[in-house]
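# Coordinate analysis (summary)
Here is what each chain is made of, one letter per residue.
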Amino acid sequence: MKKYLILVIIVLVVAGLVVGGYLLRKNSSTAPESVSPDDNQSPLPNGTSGESPSAGTGQGSLGGLIQKSNQVAPNLVKDYFVDTQEKVIFVQPDGQIFEAGGKEPKTINSTAIDGLIDASFSFDGKMVAARFGNPENPQTSIFDIDGKTWMPIALNIQALAWAPGDHRVAYLAKTAQGLTLGTLDLSQKSAKPKEFTSLHANDLNLTWIRPEEIWLVEKASAQIANSLWVFDFSKKTLTPIIKNQKGLEIMWNASGTLALELSDGQLKLINRQGVLARRFTFVTLPSKCAFYFEIRNVTATSVATGTKKTIVPQIIKEEYLNCAIPVDENQLKGYSLPDDYYKKAIFTEDNIHQIKISTGEIIPVFVGDEIDATNLKRVGQKIYFINRFDGKLYSAPIKSN
């Protein structure tokens, strides 16, 4: 009798653990509750654990979206460029440059760089800017992809940004007076700096979206208040857009009319004047998102005088965001953002979602692999990203519900 009683107790304990584990897993994977569009907020759709999405008009099971991402190259990647034909060029953390494809990546530059700080591509992928060495007094060089040559820049450049449509770079160079904002036209063989203004500030980043203006933002930290300014090259004016926001990180769309902003641990869309356009109830980082436009040609029938019908072609241009959002909605809560993420105090496990800017509708478009996706780029029906779990470049097919 005593043996049977012990056996019953063991069975009940095991059953309790199974049921409790199921309920805990179910509760931890349920996405945020839907918010009315009238609140101008965009939540994640319900169903990140396999149920049907309920936000906007997105429908269908996530099961059909489960896919595998494709490793573009076996190399570690610092930065990369993808053209419209899906040709991929990337820079390794040691400064070597390769073109992906085939069994082995093709070497473009085999010269290693000691202490590479950052690398960035021109708008057409024909040039690469590399800063390296001592972060306080870095060296800067420009690599010509076609000519396979390096051109050193004799300036103490603290930050730089490529022009949106040519081979100029804007830079912040350290001088005895502070920081100097200037430009260099690298399409000229003997490029000479063109200085615009001096700034008494430190730790600034640059973003060049429109030819006539450039954005300056203090490097993001949740520990201090950061600000955003825009400098007009023709008027030579510096205008504040956002003031004193902790953890401020910004990513602009291609036209410079809309930005994804993270500040005080909240994610939102703002216009170029800094005015709130939409607030999101989920949290991710702007560096884990990418804007893109979808252009569709449609025809509309109009009735002219008399009953004669005229076919009028129309072009519909819709803007979206693709964002890598943690599967667990609470994963980023309790952390100092973006500091802890960039210090790698936390890694996320993401699904990729599509957000329609005009309506705030959110649907999942890639579900499957264990990825912590950053530095996203959307090209056609693929999304490219660097996976922080292994530091390598991947692409994923985008499938809308």
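Residues numbered from 1 in each chain as written. Predicted model: local features only at pLDDT ≥ 70, side-chain atom pairs only at ≥ 80, totals over all residues. Heavy atoms only, no water.

### Regarding the sheet that holds strand β7 (residues 116-121)
In space, the four strands of this open sheet follow the order β7-β8-β9-β10, with antiparallel pairing throughout. Strand pairing shows two members of the sheet lacking a second neighbour, β7 and β10 (149-153), which therefore form its edges. Taking the axes of each pair of neighbouring strands and ignoring which way they run, one obtains an average angle of 20° across the sheet. With six bridges joining them, strand β8 (residues 127-132) and strand β9 (residues 139-144) adopt antiparallel strand pairing. Paired with Ala130 across the two strands is Ser141, which belongs to β9. (Pairing = 2+ DSSP bridges. Helix = DSSP H or I, 4+ residues; strand = E, 2+ residues; numbered from the N terminus. Axes fitted to C-alpha atoms, helices over the stretch in contact; angles between N-to-C directions.)

### Concerning the sheet that holds strand β6 (residues 106-109)
Read from one edge of the open sheet, four strands run β3-β4-β5-β6, paired in antiparallel fashion. Each having just a single partner strand, β3 (79-82) and β6 make up the two edges of the open sheet. The sheet shows a mean angle of 25° between the axes of neighbouring strands, taken without regard to direction. Looking at chain direction, β3 and strand β4 (residues 88-91) are connected through four bridges and run antiparallel. In the sheet register, Phe81 faces β4, and the bridge partner there is Ile89.

### Focus: the environment of Ala112
Along the polypeptide, Ala112 turns up in the loop between β6 and β7. What makes Ala112 exposed here is its relative accessible area of 52%. Spatially, the C-alpha atoms of Ala112 and Ile97 are 9.0 Å apart, while their sequence positions differ by 15 residues. Filtering out sequence-adjacent residues up to four positions away, Ala112 remains in contact with Asp94 and Gln96. (Buried < 20%, exposed > 50% of the residue type's maximum accessible area, 1.4 Å probe, protein only. Contact = heavy atoms within 4.5 Å.)

### Overview of the state of the cysteines
A complete count under the given rule lists one disulfide for this structure. Linked covalently through their sulfurs, Cys289 and Cys323 form a disulfide whose S-S length is 2.1 Å. Since a negative S-S torsion denotes a left-handed disulfide, the Cys289-Cys323 link at about 115° is right-handed. Here the residue Cys289 occupies a position in strand β23 (residues 289-303), and Cys323 occupies one in strand β24 (residues 309-326), the gap between them amounting to 34 residues. By relative accessible area, Cys323 is classed as buried at 0%. (Disulfide = S-S within 2.5 Å.)

### A word on the pattern of salt bridges
Following the criterion strictly, the structure yields eleven salt bridges and no others. The shortest N-O distance in the salt bridge between Arg131 and Asp118 comes to 2.7 Å. Note that Arg131 is positioned in strand β8 and Asp118 in strand β7, a separation of 13 residues in sequence. The salt bridge partner of Arg210 is Glu212, with a shortest N-O separation of 3.9 Å. With relative accessibility at 22%, the residue Arg210 sits in the partly exposed group. On the basis of relative accessible area, Glu212 is assigned to the partly exposed category, the value being 33%. (Salt bridge = Lys/Arg side-chain N within 4 Å of Asp/Glu carboxyl O.)

### Description of the packing of aromatic side chains
A complete count under the given rule lists 13 aromatic pairs for this structure. Both rings, one in Phe231 and one in Phe233, keep their centres 5.7 Å apart while their planes meet at 80°; by these two values the pair is edge-to-face. Exposure class is identical for Phe231 and Phe233. Each is buried. What links up through ring pairs into an aromatic cluster is the set Phe196, Trp208, Phe231 and Phe233. One residue, Arg378, lies across the ring of Tyr292, its end atom 3.9 Å from the ring centre. (Phe/Tyr/Trp six-rings, centres within 6.5 Å; stacked < 30°, edge-to-face > 60°. Lys NZ or Arg CZ within 6 Å of the ring centre and 35° of its normal.)

### Observations concerning a nonpolar patch on the surface
On the surface, Phe293, Ile295 and Ile315 cluster together to form a nonpolar patch covering roughly 310 Å² of accessible area. Examined against the element boundaries, Ile295 turns out to sit in strand β23. (Patch = residues over 30% accessible without salt bridge, like charges linked within 9 Å, V, L, I, M, F, W, Y side chains within 5 Å. Areas by Shrake-Rupley, 256 points an atom, 1.4 Å probe, with all protein chains shown as cover.)

### A few points about the nonpolar core
With 21 residues, the main nonpolar core has Leu260, Leu269, Phe280, Phe291 and Leu321 as its most contacted residues. For this core, the elements supplying multiple residues, two or more each, are β20 (258-263), β21 (266-271), β23 and β24. In contact with Leu260, other than residues within four places in its own chain, are Glu249, Ile250, Met251, Leu267, Lys268, Leu269, Phe280, Pro286, Cys289, Phe291, Leu321 and Cys323. Ranked by size, the runner-up nonpolar core spans 16 residues in total, among them Ala163, Leu179, Leu204 and Phe233. (Core = buried A, V, L, I, M, F, W, Y, C linked by side-chain atoms within 4.5 Å.)

### Digging into unusual backbone geometry
With an omega of 5°, the peptide bond running from Leu337 to Pro338 counts as cis. Its identity as a non-glycine residue notwithstanding, Asp264 has a phi of 50°, on the positive side. Residue position: Asp264 is located in the loop between β20 and β21. The phi angle at Lys344 is positive, at roughly 65°, despite the residue not being glycine. Tracing the backbone shows Lys344 in the loop between α2 (339-342) and β25 (350-356).

### Topic: the confidence of the model for the chain
Overall, the predicted model of the chain reaches an average pLDDT of 84, with 79% of residues at or above 70. The low-confidence segment residues 1-11, where pLDDT is below 50, has zero contacts with residues more than four positions distant or belonging to other chains. Note on residues 17-39: pLDDT is under 50 here. Beyond four places in sequence and across chains, it has 24 contacts. (pLDDT = per-residue confidence, 0-100.)

### Observations regarding the environment of Asp94
By the secondary structure assignment, Asp94 is in the loop between β4 and β5 (97-99). Looking at Asp94, the relative accessible area reads 26%, which means it is partly exposed. Each C-alpha atom of the pair Asp94 and Val77 lies 9.2 Å from the other, and the pair is 17 residues apart in sequence. Apart from the residues within four sequence positions on either side, Asp94 is in contact with Thr111, Ala112 and Ile113. Within the structure, the side chain of Asp94 is placed 3.0 Å from the side chain of Gln92, a separation counted as a polar contact. (Polar contact = N/O pair within 3.5 Å; in protein donor to acceptor, adjacent residues only side chain to side chain.)

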